Amino acid sequence: MSEPRLCVLLLAGGASWEADVLQALGQAGIVVTKRCVDVPDLMASASAGGAGVAVVAGEVPHLDAEAVMHLLGHDVRTLGVTADASLADRLLRVGVVETCAPEVVSVVDAVQRVAAREVVADPGPDLGPQRDRVSQRGRVVVVWGPAGAPGRTTVAAGLADALATADRQVVLVDADPYGGTLAQHLGVLEEVSGLLAVARMANLGTLDDSAFVRCCRRVGDRLDLLTGLPRADRRVEVRPGVVGTVLDAAAALGTVVVDVGFGLEDADLPLARDRMTIDALEAADEVVVVGSAEPSGLARLARGLVELRDVAGGTPARVVVNRMRSTLGWSERDIVGMVEGYAGPVPVHFLPEDRATVDRALVAGRSLTELGESRLATSFEQLASAMFPAAAAPAHRLRSRRAGTAR
């Protein structure tokens, strides 16, 4: 019984080498099941089954990580054909298995190698420049909390501001899938979503350090903001896994503080509404869990600590109890005992109720340190020093700002 013949899909986009390659593939016993007209046609043809390799001209538009991973999902591996070295590098970053020059012999040999699985099997896209994660990468701190508005965004902004004031270069990332508000907190005119812009470049394999910086907004001498989604429905534009790539790119520039949503549902579903939050937690070096000091807030915090353990695994965590005040009738020791009952021994920090300072900062679109001394700003400095002991700095050193200015 004869062996099944190798079948391929071809998307040449009118390249000059198409006719010669078609003839050479036929002579080599390789069947071209379809000559596709564009990337959507290629994806649809792969879904029909039968082909094992997609031969694609590197110059065709819309060949991005989403398309390549769709093909891999149907066991079709992509071979990019291009003579441009920089384009070949971009193709490899979005998950193309191999690239080759547009010579007939090169294409035929490469098709046979890809089909024989002689290269790395089913690679995921490498959507960012390689970095030394030990000596160069900054820490990624994800600020998470359960439902009920415990103050996640306020804590993320306050912590990032305190770290930047303590002479750290900080990137504050708004990754809330329900629509972020960090831009409003810091007085930034949100003309374009920085997160969506970076996600698109990551999907195309064009994300590098300089491109990431261009998408940020400078909100302090040492603090940059990557603005979030303008609407919750646009989270579908952030492909699963891209948040991790974005945070890795941010970590090349300094310490990263990430504001995420509250939901942890459907962790195993790639298109879940909380996928952005889960991806950020999986990329975290440390998680700051925010809860409010009211009875309902503490109950949500207790349940949230249990849920978080299932998602974040062994990632180090610390708890921040927000809006602490004596009128509630319990002490800090009482709350620490409750937290340890659900999460074991973890650091617990308390932020005082200081609504007047928070309101003034929100209305002015300014950071806490810019407003001068306050109990809340001091508490954030203490939190930053506990998390990064070397980050201690003189209290309330004011910084100049260029809110909303592109870098």
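To start, this report covers the structure provided alongside it. Residues take numbers from 1 onward in each chain, read along the sequence in its written order. Per-residue local features of the predicted model are confined to residues with pLDDT of at least 70, and side-chain atom pairs are confined, for both listing and counting, to 80 or more; whole-chain, interface and lining totals are unaffected and use all residues. To obtain the side-chain values, all non-hydrogen atoms of the structure were used and water was disregarded.

### Considering the overall build of the protein chain
Tallying secondary structure elements over the protein chain gives 15 helices and 14 strands in all. Categorising residues by exposure relies on relative accessible area from a 1.4 Å probe, with only protein chains included: less than 20% of the type maximum marks a residue as buried, more than 50% marks it as exposed, and the intermediate range marks it as partly exposed. Per-residue burial for the protein chain yields a buried fraction of 54% across its 407 residues. Long-range pairs, those at least 24 residues apart, make up 75% of the contacts in the protein chain with a sequence separation of at least 6. Using a 1.4 Å probe, accessible areas were evaluated by the Shrake-Rupley method; residue-level cover was limited to the displayed protein chains. When the accessible surface of the protein chain is totalled, it reaches about 17,400 Å², and 52% of it is carbon and sulfur. Only DSSP runs of H or I with at least four residues qualify as helices, and only runs of E with at least two residues qualify as strands; both kinds are numbered from the N terminus onward. By definition in these notes, contact holds between two residues if any of their heavy atoms fall within 4.5 Å.

### Focus on the packing of aromatic side chains
Each Phe, Tyr or Trp ring (for Trp, its six-membered ring) is paired with any other whose centre lies within 6.5 Å, and the angle between the two planes then decides the class: stacked below 30 degrees, edge-to-face above 60, tilted in between. For the coordinates displayed, the defined rule picks out one aromatic pair. Judged by centre distance (5.1 Å) and plane angle (10°), the ring pair of Tyr178 and Phe262 falls under stacked. A residue pair is termed long-range when its members are at least 10 positions apart, and Tyr178 in the loop between β7 (170-175) and α7 (182-185) and Phe262 in the loop between β10 (255-260) and α11 (275-283) qualify at 84 residues. Look at Tyr178 and you get partly exposed, because its relative accessible area is 28%. Classification of Phe262 by relative accessible area gives partly exposed; the value is 34%. It is Arg139 that lies over the ring of Phe388; its NZ or CZ is 4.2 Å from the centre. Placement of a charge over a ring requires the Lys NZ or Arg CZ to be within 6 Å of the ring centre, with the centre-to-atom vector within 35 degrees of the ring normal. Between the NZ or CZ atom of Arg235 and the centre of the ring of Tyr178, over which it lies, the distance is 5.6 Å.

### Re helix α14 (residues 355-364)
When α14 is considered as a whole, its buried residues turn out to be Thr357, Val358 and Ala361. The arc that holds every buried residue of α14, seen down its axis, measures 100°, which confines them to one face. For α14, the exposed residues lying more than 90 degrees away from the buried face are Ala356 and Val363. Those residues of α14 hidden inside the fold are in contact with α7 and α15 (375-387). Backbone geometry just downstream of α14 places Gly365 in the positive-phi region, at approximately 65°. The directions considered for the arc run from the helix axis to the C-beta atoms.

### Describing the pairing of strand β6 (residues 140-144)
Within β6, five of the five residues are buried, which leaves the element mostly enclosed by the surrounding structure. A two-sided burial pattern is seen for β6, the buried positions comprising Val140, Val142 and Trp144 on one face and Val141 and Val143 on the other. Here, strands pair whenever DSSP counts at least two bridges between them. In terms of strand pairing, β6 meets β10 through four bridges, oriented parallel. Along β10, the bridge assignment pairs Val140 with Val256. Alignment of β6 against strand β11 (residues 286-292), held across four bridges, turns out to be parallel. By the bridge assignment, Trp144 is partnered in β11 with Val289.

### A word on the side chain of Asp224
Within the secondary structure, Asp224 is located in strand β9 (residues 223-226). Within the structure, Asp224 has its side chain in polar contact with the side chain of Gln169 (distance 3.5 Å). Whenever a nitrogen or oxygen atom comes within 3.5 Å of another N or O atom, the pair is scored as a polar contact, on the condition that within protein one atom can donate a hydrogen and the other can accept it, and that pairs from neighbouring residues in sequence are kept only if both atoms are in side chains. Of note is the side chain of Asp224, whose polar atom sits 2.6 Å from the side chain of Arg218.

### Here's the deal with helix α3 (residues 65-73)
Of the residues making up α3, those classed as buried are Ala65, Ala67, Val68, Leu71 and Leu72. End-on, the buried residues of α3 take up no more than an arc of 165°, which puts them together on one face. Its side-chain oxygen placed 3.3 Å from the backbone nitrogen of Glu66, Asp64 serves as the N-cap of α3.

### A few points about unusual backbone geometry
A positive phi angle, close to 65°, is found at Asp167, a residue other than glycine. Mapped onto the secondary structure, Asp167 falls in the loop between α6 (152-165) and β7.

### A look at the pairing of strand β4 (residues 77-81)
With five of five residues buried, β4 is to be regarded as a mostly interior element. Side chains Arg77, Leu79 and Val81 project from β4 onto one buried face, and the interleaved Thr78 and Gly80 project onto a second face that is buried too. Convention used here: a crossover is right-handed provided that the path from the first strand, over the helix, to the second strand proceeds clockwise when the strands point away from the viewer. Note on the crossover from strand β3 (residues 53-57) through α3 to β4: the handedness is right-handed. Both β4 and strand β5 (residues 98-100) contribute to a ladder of three bridges, which runs parallel.

### So, the nonpolar core
Residues grouped as a nonpolar core are buried Ala, Val, Leu, Ile, Met, Phe, Trp, Tyr and Cys residues, joined through side-chain atoms within 4.5 Å. Formed by 56 residues in total, the largest nonpolar core has its most connected members in Val173, Phe212, Leu226, Leu247, Val258 and Val319. Leave out the neighbours within four places in its chain, and Leu247 touches Val140, Val173, Val256, Val258, Ala280 and Ala283.

### A look at the pattern of salt bridges
What counts as a salt bridge is simple: a side-chain nitrogen of Lys or Arg found within 4 Å of a carboxyl oxygen of Asp or Glu. Inspection of every chain in the model, using the stated rule, returns 18 salt bridges. Residue Glu286 pairs with Arg139 through a salt bridge whose shortest N-O separation is 2.4 Å. Highlighted residues: Glu286 in strand β11 and Arg139 in the loop between α5 (104-115) and β6, separated in sequence by 147 residues. Of the residues examined, Arg139 reaches a relative accessible area of 31% and is grouped as partly exposed. Look at the salt bridges and you will find they share partners, linking Arg137, Asp248 and Asp285 into a network.

### Brief notes about the packing of helix α1 (residues 18-27) against α5
If you want to describe how two helices pack, look at the angle between their axes and the distance between the axes. Whenever a helix is involved, its axis is fitted only over the stretch in contact; in every case the axis is a line through C-alpha atoms, and angles between N-to-C directions fall within 0 to 180 degrees. Relative to each other, α1 and α5 sit at 50°, their axes nearing to 9 Å. With respect to α5, the axis of α1 lies oblique. In this structure, α1 crosses over α5, and the sense of that crossing is right-handed. Seen from α1, the contacting residues are Asp20, Val21, Ala24 and Leu25; seen from α5, they are Val104, Val107, Val108 and Val111. Here the contact of α1 with α5 is composed, by residue class, of seven nonpolar, no polar and one charged. To sort the angles, those under 35 degrees are grouped as roughly parallel, those over 145 as roughly antiparallel, those from 65 to 115 as roughly perpendicular, and the leftovers as oblique. Crossing chirality is assigned from the near helix's rotation relative to the far helix, an anticlockwise turn below a right angle marking it left-handed and a clockwise turn marking it right-handed. Any residue outside Ala, Val, Leu, Ile, Met, Phe, Trp, Tyr, Cys, Pro, Asp, Glu, Lys and Arg is labelled polar, Gly included; the first ten of those are nonpolar and the last four are charged.

### Examining the sheet that holds β4
Whether parallel or antiparallel, the strands of a sheet pair through hydrogen bonds between backbone atoms. What the five strands build is an open sheet, ordered β2-β1-β3-β4-β5; its pairing is parallel. The open sheet terminates on both sides in strands that have one partner only, identified here as β2 (31-35) and β5. Averaged over all neighbouring strand pairs, the angle between strand axes comes to 25°, with direction disregarded. Taken together, the four bridges between strand β1 (residues 7-11) and β3 define a ladder with parallel strand orientation.

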